[in-house]
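Read off the chains here:
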Amino acid sequence: MRENFNKQQSFTSLKWFNFFVYGTVVLFTSFFPLYLQDVGMNKVEIGSLMSVGALVSIVANPFWGIWSDKYQNIRRIVLVMLTGTLVLSQLVFQAHTYEMIYISILFFYFFQGPLFAQSNTMILSYIEGTHHRFSSFRLWGSLGWALTAILAGPVIEWAGVSVLSYLFAALLCLAMLALVTLPKLNHSIGIAPLPFKGFRQIFYNPFFLCFIFFGILVSIPNTMNNTFVSLYITELGGSKTMIGLAVFLSAILEIGVLVLCDRFLKRQISVLLGLLAAVSALFLVRWWLMAGSTTPLQVAMIQILHCITFGGFFYVGTQLTMLLVPKPYRSSGQALYTLTWSGISGILGGVLGGWLYQNLGAQSMYQSGVFLTFIGTLGFGIMGLFVSRGGYRPPAEHEDELSDFEH
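Just so it is clear, the model here is predicted, and its values are computed rather than measured.

Caption draft 1: Looking closely at the overall build of the chain. Along its length, the chain carries 17 helices and 0 strands. By the burial criterion, 55% of the 407 residues in the chain qualify as buried. Entry remark: accessible area of the chain is about 18,000 Å², with carbon and sulfur atoms responsible for 67%.

Here it is as structure tokens:
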């Protein structure tokens, strides 16, 4: 009985850990641009600084993955990452020159950037062989993201944006406290997040490369929005509380979308490509509405579409990667898909979005998003039509498995 109690306590600690980690990250992604603007940075500088994380992650992800595999103690690795994130975040907030901010943020992203990937691997390692499902722990992450955003907004409104460093440190300490209450785990199911071995074979798959290319076009505007939506809301006269509401609305229904996709989606290439085109079209509508917004409340309400667009796109894209890449190279395929979404698109979206916002305004930035998303939507639609007419055959290594999916 005592053993069962300890196990249940461990799963509760995992849920709270996910809650606080996601809450910490939403503070940074949603409110840190306001801090940078408050210290005097323009849109180009803010976009460039926020996009640095995507560049650093290309090195940081495999680094932490390799160390996790080597020591087989992922709980300790995650604790080191949280400690580094805490120390470097305070250096970022205490920096008094642009140069020091840039240097501090580079090291900050090295610890913080791969945190989601390593945390997910740790959770999967703890629940391996149990009846627990990862989605229940992911739900606590979504709750942490949404509730932290809506509660932090009024606090920052009342105390000023400088209080962000204290909120950030408090949530990180709570995440570390939840982590140290977990029992030692002597194994990990993870592998290095960027296994380069299969990349060469993937680059011989032009159909998959087209899928990646159109995905980049669709995801660049999403990065622009994530980086600058808080500045857009304040530019339209909105408060920090309104920013928190916008983030809350963008996240609160996301887990429901993922559960519905997992339960009802038919895993067939032509169907998934058609759905990807539909989700991309919804992205297009979202950016068109954002470009025409005149009040902060309109912007906040439009963020509800994020639950469907981002949740649907990432889930469907992950499933398609499983079907378009031969089984021996799927790990590399997923790494490339994630890299293009969060890495390449993150860099391009931050820099391009910052330049457009600074020189042409937010409306022009979102209008460019409409254009890029239209090309991506058209591309996915053509790919789906090509497959439905029998113009594409999956790689021979998993034709039999695909047949099982389709039936």
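Caption draft 2: Geometry of the packing of aromatic side chains. Counting across every chain of the model gives 30 aromatic pairs. Relative to Trp140, the ring of Phe19 lies with its centre 6.4 Å away and its plane at 70°, an arrangement referred to as edge-to-face. With a gap of 121 residues between them, Phe19 in helix H1 (residues 2-38) and Trp140 in helix H6 (residues 134-159) connect regions that are remote in the sequence. One aromatic cluster is present, formed by Phe208, Phe211, Phe213, Phe214, Tyr232, Phe283, Trp287, Phe313, Tyr366 and Phe380 through successive ring pairs. Lying across the ring of Phe137, Lys15 places its NZ or CZ 5.8 Å from the centre. A cation over an aromatic ring shows up here: Lys43 above the ring of Tyr357, its NZ or CZ 4.9 Å from the ring centre.

Caption draft 3: Focus on helix H9 (residues 206-235). Helix length check: H9, at 30 residues, gives a terminal C-alpha distance of 43 Å against a target of 44 Å (1.5 Å per residue), a fit within 8%. Approximately 55° is the largest bend angle found in H9, and it occurs at Phe228. After H9 finishes, the residue Gly237 shows a positive phi value of roughly 100°.

Caption draft 4: Spatial organisation of the side chain of Ser104. If you trace the backbone, Ser104 turns up in helix H4 (residues 98-112). Judged by its relative accessible area of 5%, Ser104 is buried. Residues within four places of Ser104 in sequence aside, it is in contact with Leu88, Leu91 and Val92.

Caption draft 5: View of the confidence of the model for the chain. Averaged over all residues, the pLDDT of the chain equals 83, while 86% of them reach at least 70. Within the model, the stretch residues 1-5 combines pLDDT values under 50 with 0 contacts to residues more than four positions away or in other chains. Predicted confidence for residues 190-195 stays below pLDDT 50, and this span has 18 contacts to residues more than four positions away or in other chains.

Caption draft 6: Molecular detail of a nonpolar patch on the surface. Nonpolar side chains collect at one region of the surface, where Phe371, Phe374, Ile375, Leu378 and Ile382 lie side by side and expose about 490 Å² of accessible area between them. Residue classification places Phe371 among the exposed residues on the basis of a relative accessible area of 53%.

Caption draft 7: Representation of the environment of Leu265. With respect to the helices and strands, Leu265 occurs in the loop between helix H11 (254-264) and helix H12 (269-291). Take Leu265: its relative accessible area is 16%, and that puts it in the buried class. In this structure the C-alpha to C-alpha distance between Leu265 and Leu275, which are 10 residues apart in sequence, comes to 9.5 Å. Residues in contact with Leu265, not counting those within four places in the same chain, are Leu260, Leu272, Leu275, Tyr315 and Val316.

Caption draft 8: Looking closely at the packing of H12 against helix H16 (residues 362-388). Between H12 and H16, the least distance of the axes is 8 Å, while the angle of their chain directions is 165°. One finds that H12 runs roughly antiparallel with respect to H16. In this structure, H12 meets H16 at a crossing whose hand is left-handed. Looking at side-chain class alone, the contact of H12 with H16 contains 17 nonpolar, 10 polar and no charged residues.

Caption draft 9: Region of interest: the environment of Leu36. Along the chain, the position of Leu36 falls in helix H1. It is 9.5 Å that separates the C-alpha atoms of Leu36 and Ile101, two residues lying 65 residues apart in sequence.

Caption draft 10: Looking closely at the packing of H12 against helix H14 (residues 305-324). The contact between H12 and H14 brings their axes to 9 Å, and the two run at 150°. Here H14 runs roughly antiparallel to H12, going by the angle between their axes. Taken as a pair, H12 and H14 cross one another with a handedness that is left-handed. Looking at the contact of H12 with H14, its residues break down into 17 nonpolar, 6 polar and 1 charged.

Caption draft 11: Seen up close, the nonpolar core. Membership of the largest hydrophobic core comes to 113 residues, with the highest contact counts inside it found for Phe32, Leu82, Phe211 and Phe380. Broken down by element, this core gets its largest block of residues, 15 residues, from H9. If we ignore the near neighbours within four places in the chain, the residues touching Leu82 are Phe17, Val21, Leu115, Leu172, Ala175, Met176 and Leu179.

Caption draft 12: Here's a closer look at the side chain of Ser345. As for its position among the elements, Ser345 is in helix H15 (residues 330-360). Note on Ser345: relative accessible area 0%, which makes it buried. A polar side-chain atom of Ser345 sits 2.5 Å from a polar atom in the side chain of Ser219.

Caption draft 13: Region of interest: helix H7 (residues 164-180). Spanning 17 residues, H7 covers 25 Å between terminal C-alpha atoms, matching the ideal 24 Å at 1.5 Å per step. Of the positions making up H7, those classed as buried are Leu164, Ser165, Phe168, Ala169, Leu171, Leu172, Ala175, Met176, Ala178 and Leu179.

Reading guide: rules and limits
Residues numbered from 1 in each chain as written. Predicted model: local features only at pLDDT ≥ 70, side-chain atom pairs only at ≥ 80, totals over all residues. Heavy atoms only, no water. Helix = DSSP H or I, 4+ residues; strand = E, 2+ residues; numbered from the N terminus. Buried < 20%, exposed > 50% of the residue type's maximum accessible area, 1.4 Å probe, protein only. Areas by Shrake-Rupley, 256 points an atom, 1.4 Å probe, with all protein chains shown as cover. Phe/Tyr/Trp six-rings, centres within 6.5 Å; stacked < 30°, edge-to-face > 60°. Lys NZ or Arg CZ within 6 Å of the ring centre and 35° of its normal. Expected span 1.5 Å × (residues − 1). Bend = angle between axes of the 7 residues up to and from the residue. Contact = heavy atoms within 4.5 Å. pLDDT = per-residue confidence, 0-100. Patch = residues over 30% accessible without salt bridge, like charges linked within 9 Å, V, L, I, M, F, W, Y side chains within 5 Å. Salt bridge = Lys/Arg side-chain N within 4 Å of Asp/Glu carboxyl O. Axes fitted to C-alpha atoms, helices over the stretch in contact; angles between N-to-C directions. Parallel < 35°, antiparallel > 145°, perpendicular 65-115°, else oblique. Left-handed = near helix turned anticlockwise from the far one by under 90°. Nonpolar A, V, L, I, M, F, W, Y, C, P; charged D, E, K, R; others polar. Core = buried A, V, L, I, M, F, W, Y, C linked by side-chain atoms within 4.5 Å. Polar contact = N/O pair within 3.5 Å; in protein donor to acceptor, adjacent residues only side chain to side chain.

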